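For reference, the chains in residue letters:
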Amino acid sequence: QVQLVESGGGLVQAGGSLRLSCAASGIIFSINAMGWYRQAPGKQRELVAAISSGGSTNYVDSVKGRFTISRDNAKNTVYLQMNTLKPEDTAVYYCNAGRYSGIYYYPYNYWGQGTQVTVSS
């Protein structure tokens, strides 16, 4: 049974930082790509960052240079370090297991409850 548990969200001022964690179980973590998504009220869920099983990373343009995705296979955990946060980063953040096809990430249908990130101005 696949479980994904996100944590680390909170309320911060613009320019602040947060580190999100996602603990995974029920998958062979080391061979899966992992991604972070976010969804703001009234908006579609979007892929923010993804990391391949080999450690290659991709980011949506709006977070490049500010966010870093990483993984610790020994802990079955994927992280999202978020720096220089902006109000437009406010959303519920979800992690996901998936796969890469070329540079494109395709999610599997496994989602956690998400963690709320709120950035005030």
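Structure shown above.
Q: If you had to explain the environment of Met34 to someone new, which residues and values would you point to?
A: Checked against the element boundaries, Met34 lands in strand S4 (residues 33–39). A residue is classified by how much of its surface remains accessible, and Met34, at 0% relative accessible area, is buried. Considered as a pair, Met34 and Cys95 are 61 residues apart in the sequence and their alpha carbons are 7.2 Å apart. Residues in contact with Met34, not counting those within four places in the same chain, are Leu4, Ile27, Phe29, Ala49, Ala50, Ile51, Ile69, Arg71, Val78, Asn96, Ala97 and Tyr105.

Q: Describe the sheet that holds strand S3 (residues 18–25), and please don't skip the residues or the numbers.
A: Spatial ordering of the open sheet is given by S1-S3-S8-S7, a layout of four strands whose pairing is antiparallel. At either margin of the open sheet sits one strand with a lone partner, and together these are strand S1 (3–7) and strand S7 (67–72). Averaged over neighbouring strand pairs, the angle between their axes works out to 15° when direction is ignored. The sheet contact formed by S7 and strand S8 (residues 77–82) spans six bridges and is antiparallel. Residue pairing in the sheet places Ser70 in a bridge with Tyr79 of S8.

Q: How would you explain the state of the cysteines if you had to name every residue and give the values?
A: All told, the structure shown has one disulfide when counted by the stated rule. A sulfur-sulfur separation of 1.7 Å characterises the disulfide bridge that pairs Cys22 with Cys95. The disulfide joining Cys22 to Cys95 has a torsion of about 40° about its S-S bond and is therefore right-handed. With Cys22 in strand S3 and Cys95 in strand S9 (residues 91–101), the pair connects residues that are 73 residues apart, well separated along the chain. There is no split in this pair, since Cys22 and Cys95 are both buried.

Q: For unusual backbone geometry, give the residues involved together with the corresponding values.
A: Its identity is not glycine, yet Asn76 carries a phi of approximately 50°, on the positive side. Within the secondary structure, Asn76 is located in the loop between S7 and S8. On the basis of relative accessibility, which here comes to 26%, the residue Asn76 falls in the partly exposed class. Although it is not a glycine, Thr84 adopts a positive phi angle of roughly 50°. Summarising the element assignment, Thr84 is placed in the loop between S8 and S9. Exposure remark for Thr84: the relative accessible area of 45% places this residue in the partly exposed category.

Cut-offs applied
- Residues numbered from 1 in each chain as written.
- Predicted model: local features only at pLDDT ≥ 70, side-chain atom pairs only at ≥ 80, totals over all residues.
- Heavy atoms only, no water.
- Helix = DSSP H or I, 4+ residues; strand = E, 2+ residues; numbered from the N terminus.
- Buried < 20%, exposed > 50% of the residue type's maximum accessible area, 1.4 Å probe, protein only.
- Contact = heavy atoms within 4.5 Å.
- Pairing = 2+ DSSP bridges.
- Axes fitted to C-alpha atoms, helices over the stretch in contact; angles between N-to-C directions.
- Disulfide = S-S within 2.5 Å.

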